[in-house]
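# Coordinates in review
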Amino acid sequence: MDGLQESTWPLRGLPATLADRTRRVYDRMAAVYPVSTMLFHSRAHRCALEASGIRDGMSVLEVATGSGEMFRRLVRANGGGTTLGGDLSPNMAARTLKSARRRFPQARTLCQAVDARHMPFRSEAFDAVFCCYLLELLSAEDIAGTLREFRRVLRTGGRLTLVLIGQDARWFNAAYRLAGRAAPAFWGRQVERRAPELLISAQFEILHDRAVRQSFYPSRVLVARK
Ligand SMILES: C[S@@+](CC[C@H](N)C(=O)[O-])C[C@H]1O[C@@H](n2cnc3c(N)ncnc32)[C@H](O)[C@@H]1O
């Protein structure tokens, strides 16, 4: 399992069967989710875009788009390229596509229901892959498989930009543990501390690592090269 053992995983590894519940819960949240993204994720999204090194004209994929806030940033930055997105929740994917097409009608873009663990894209299809706040929701085994998928769809030298929920505040971690216990399919558990090791096991080279805070909410932005 690429250096990952469920038994050594911090803070309760998630059961592999959680994905169906995750899809249902995010499907139901699609209409209100933009508020949470604006309050807690927008600064990290901005930093991720800056650090990613993407240039207009690239072939870009975002996995787990949620309601599409980062996706729209990517489409705007990559107006002359192709920007694809996917989310396990069909409602999230549909919302993302609709808003991107409305704001950027000329852009070459598509967003569809996609499971990050098995993606319907050919190998080496993308110059850049983005994924924000997904790994928390995957089991240890699925994280390893998903990182392999990211590597597979990236061209050699292509970059993966990951955003994770930070683990550098004790009280926040305690609150997150409680939330994760109450609703594991929505919150998952924090995995940020293990992220560099996981990227290295998946044969990525880390280029950029930055902590970001938006009010009380900590995030970590990692950029890695295949
Ligand atoms: C915490 S939200 C983050 C949304 C967005 N990336 C952001 O930065 O605000 C997690 C998203 O991951 C999606 N997701 C969960 N499991 C997934 C999987 N296996 N494949 C693709 N997307 C998944 C959920 O449907 C949800 O939209």
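Structure report, in brief. Please read all numbers here as calculations on a predicted model, not as lab measurements. (Residues numbered from 1 in each chain as written. Predicted model: local features only at pLDDT ≥ 70, side-chain atom pairs only at ≥ 80, totals over all residues. Heavy atoms only, no water.)

## Some words on the packing of aromatic side chains
To describe a pair of aromatic rings, you give the distance between the ring centres and the angle between the ring planes. Stated formally: Pairing of aromatic side chains requires ring centres within 6.5 Å, counting the rings of Phe and Tyr and the six-membered ring of Trp. Pairs whose planes differ by under 30 degrees are stacked, by over 60 edge-to-face, and all others tilted. Each helix is a run of H or I in the DSSP string that is no shorter than four residues. Each strand is a run of E no shorter than two, and both are numbered from the N terminus.
Taken as a whole, this structure holds 13 aromatic pairs when the rule is applied. Ring geometry for Phe172 against Tyr176: centres 6.0 Å apart, planes inclined by 40°, an arrangement best described as tilted. One end of the pair, Phe172, and the other, Tyr176, are both in helix H6 (residues 170–182), 4 residues apart, so they sit about a helical turn from each other. The interplanar angle of 45° and the centroid separation of 6.4 Å between the aromatic rings of Phe172 and Phe216 together place this pair among those described as tilted. On the criterion of sequence distance, the pair formed by Phe172 in helix H6 and Phe216 in the loop between strand E6 (205–214) and strand E7 (217–225) is long-range, its members being 44 residues apart. Feature note: the residues Tyr26, Tyr33, Phe40, Tyr133, Trp171, Phe172, Tyr176, Phe186, Trp187, Phe216 and Tyr217 constitute an aromatic cluster, connected by ring pairs.

## Structural notes on the site of the ligand
For clarity, the cut-off: Residues are counted as near a molecule or strand when any one of their heavy atoms sits within 4 Å of it. Counted as a polar contact is a pair of N or O atoms within 3.5 Å, where, for protein atoms, one must be capable of donating a hydrogen and the other of accepting one, and residues adjacent in sequence contribute only when both atoms are in side chains. The accessible surface values rely on the Shrake-Rupley method and a 1.4 Å probe; as for residues, cover is taken only from the protein chains in view.
Neighbouring residues of the ligand: 21 residues in total, closest His45, Ala64, Asp87, Ala116 and Cys132. Note that a nitrogen atom of the ligand is positioned 3.0 Å from one of the side-chain N or O atoms of Asp115. Within the backbone of Cys132, one N or O atom sits 2.8 Å away from a nitrogen atom of the ligand. In the complex, the protein chains occlude 97% of the 600 Å² of accessible area that the ligand would expose alone.

## Observations concerning the nonpolar core
Where we set the bar: The definition of a nonpolar core used throughout is a set of buried Ala, Val, Leu, Ile, Met, Phe, Trp, Tyr and Cys residues joined through side-chain atoms within 4.5 Å. The cut-offs for exposure are 20% and 50% of the maximum accessible area for each residue type, with area from a 1.4 Å probe on protein chains only; residues under the lower value are buried, those over the upper are exposed, and the others partly exposed.
Core analysis: the largest hydrophobic core is formed by 31 residues, its most contacted members being Leu61, Val129, Leu147, Phe150, Leu160 and Leu162. Only strand E1 (59–63), strand E4 (126–132), helix H5 (140–153), strand E5 (154–165), helix H8 (195–201) and E7 provide two or more residues apiece to this core. Core analysis: the next-biggest nonpolar cluster, separate from the first, contains 20 residues, Ala48, Val163, Ile165 and Val221 among them.

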